[in-house]
Amino acid sequence: MVVLSGSSRLVFLLLAFLVALASAFVPRQPSKGVSLVSRQVAGTKIPHDIRIVFDDEDEDDNDTEEEEDSGDARKRRRARWEQLDPKYRQYLMEKGQQRAIANKKKREPVMDKKRKLMMFVKEQQRNKKKAARITRPVQPQDRRPLADIPIGSEQTGVVISLTNFGAYVDIGTDCDGLLHVSQLSTDVFVEHPRQILTPGQEITVRVRSTSPERKKMHLTMLPEEVLEQEKRDNPQDRIPLTEIQLDDELWGELKRVTDFGAYVEVGAVVDGWCHFMDHPSWDGTAHPSQFMKRGDRVRVWVADVDRTQKRLKLTANRPKHLPGPKRELY
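Residues numbered from 1 in each chain as written. Predicted model: local features only at pLDDT ≥ 70, side-chain atom pairs only at ≥ 80, totals over all residues. Heavy atoms only, no water.

Going by the annotation in an unreviewed UniProt entry, the name recorded for the protein is 30S ribosomal protein S1, with Seminavis robusta given as the source organism.

With that settled, the discussion passes to the environment of Leu178. Relative to the elements of secondary structure, Leu178 occurs in strand S3 (residues 177-180). We classify Leu178 as buried; its relative accessible area is 16%. As for Leu178 and Gly166, which are separated by 12 residues in sequence, their C-alpha atoms are 6.9 Å apart. (Helix = DSSP H or I, 4+ residues; strand = E, 2+ residues; numbered from the N terminus. Buried < 20%, exposed > 50% of the residue type's maximum accessible area, 1.4 Å probe, protein only.)

To continue, consider the pattern of salt bridges. As enumerated under the stated definition, the model contains 10 salt bridges in all. A salt bridge links Asp176 to Arg136, with the shortest nitrogen-to-oxygen separation between them at 3.0 Å. Residue Asp176 is found in the loop between strand S2 (166-170) and S3, and its partner Arg136 is found in the loop between helix H6 (110-132) and strand S1 (154-162); the two are separated by 40 residues along the sequence. You can call Asp176 partly exposed: its relative accessible area is 23%. The exposure class of Arg136 is partly exposed, given its relative accessible area of 35%. The salt bridge partner of Arg143 is Asp170, with a shortest N-O separation of 2.8 Å. Placement of the pair is Arg143 in the loop between H6 and S1 and Asp170 in strand S2, with a sequence separation of 27 residues. The same class applies to Arg143 and to Asp170, which are both buried. Taken together, the shared-partner salt bridges in this structure form one network comprising Arg136, Arg143, Asp170 and Asp176. (Salt bridge = Lys/Arg side-chain N within 4 Å of Asp/Glu carboxyl O.)

Scanning the entire structure with this criterion turns up four aromatic pairs. Centroid distance Phe276 to Trp282: 5.4 Å. Interplanar angle 75°. Geometry classified as edge-to-face. (Phe/Tyr/Trp six-rings, centres within 6.5 Å; stacked < 30°, edge-to-face > 60°.)

Printed below as a string of structure tokens:
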């Protein structure tokens with residue numbers, strides 16, 4: 001038994017400490033259980049139900065490039081691929097396909113991308129037209145001539161298509177009739193026909209006018225008394241806009257009430273427009289339909305005359321700069 005002196009024991013402990021300290025900084029070799037495939041997909045989120053099951057004992061980190069390209073290296077990689085879990089192999093193949101598609105799109109020329117986009121848009125337009133196509137109720141051989149349709153008669157038809165200015169209706173003649181947006185309702189203002197009509201809807205209309213030579217027909221959904229009033233009105237008896245001046249006082253009748261005001265018949269070639277804020281009964285919160293009714297007689301003053309676009313703006317509030325008594329509401 002060797003007995004160390006005090007100085008020798010101190011030297012031995014110092015050498016042991018240095019050996020332990022040096023071993024702590026020596027890099028460890030990777031374990032053989034770490035797979036090549038798992039390192040390739042490092043950082044990739046793998047589904048929880050996938051398990052990696054294969055043996056990596058044949059892997060040698062010191063293989064050279066020549067050995068990797070050899071047949072033995074390819075066989076080892078193939079063997080490791082076959083030992084993978086089937087779900088994980090499917091996951092890797094799907095990821096590879098997605099990367100290949102993304103890379104192909106990046107390399108695709110700009111003109112090809114524009115051409116594909118144009119083809120897609122045209123295909124969508126064709127599908128939209130096919131979906132909006134309406135089956136006509138009457139066959140071509142059973143249709144009546146336009147000359148046999150009496151003006152003012154009531155007809156049943158089907159809405160074929162909608163436009164910004166009206167709707168085309170098939171009533172069984174050799175041409176579709178135009179139902180203008182102004183002929184849809186007298187109670188509310190119709191901005192677009194889709195507010196009331198839909199393609200394929202069956203409606204009842206009246207014939208306003210026909211032109212067999214030009215293959216044109218105009219329809220209406222307004223009440224019969226409105227049409228009778230239009231027949232009695234003579235355009236030659238109406239006041240031209242050239243004879244209407246600013247601040248002229250006129251009497252009129254409300255023809256159509258909208259969300260923003262009403263159209264007023266004052267005997268001119270065009271109906272005047274009166275905004276709801278220019279009505280003395282407006283209290284700041286009420287809807288125009290609460291104090292403006294179709295058929296009401298009103299006294300208005302001319303606020304503006306646009307002879308170029310044939311527009312007439314009216315106000316039911318007496319202008320303050322005019323002389324005479326002022327109307328006050330209590």
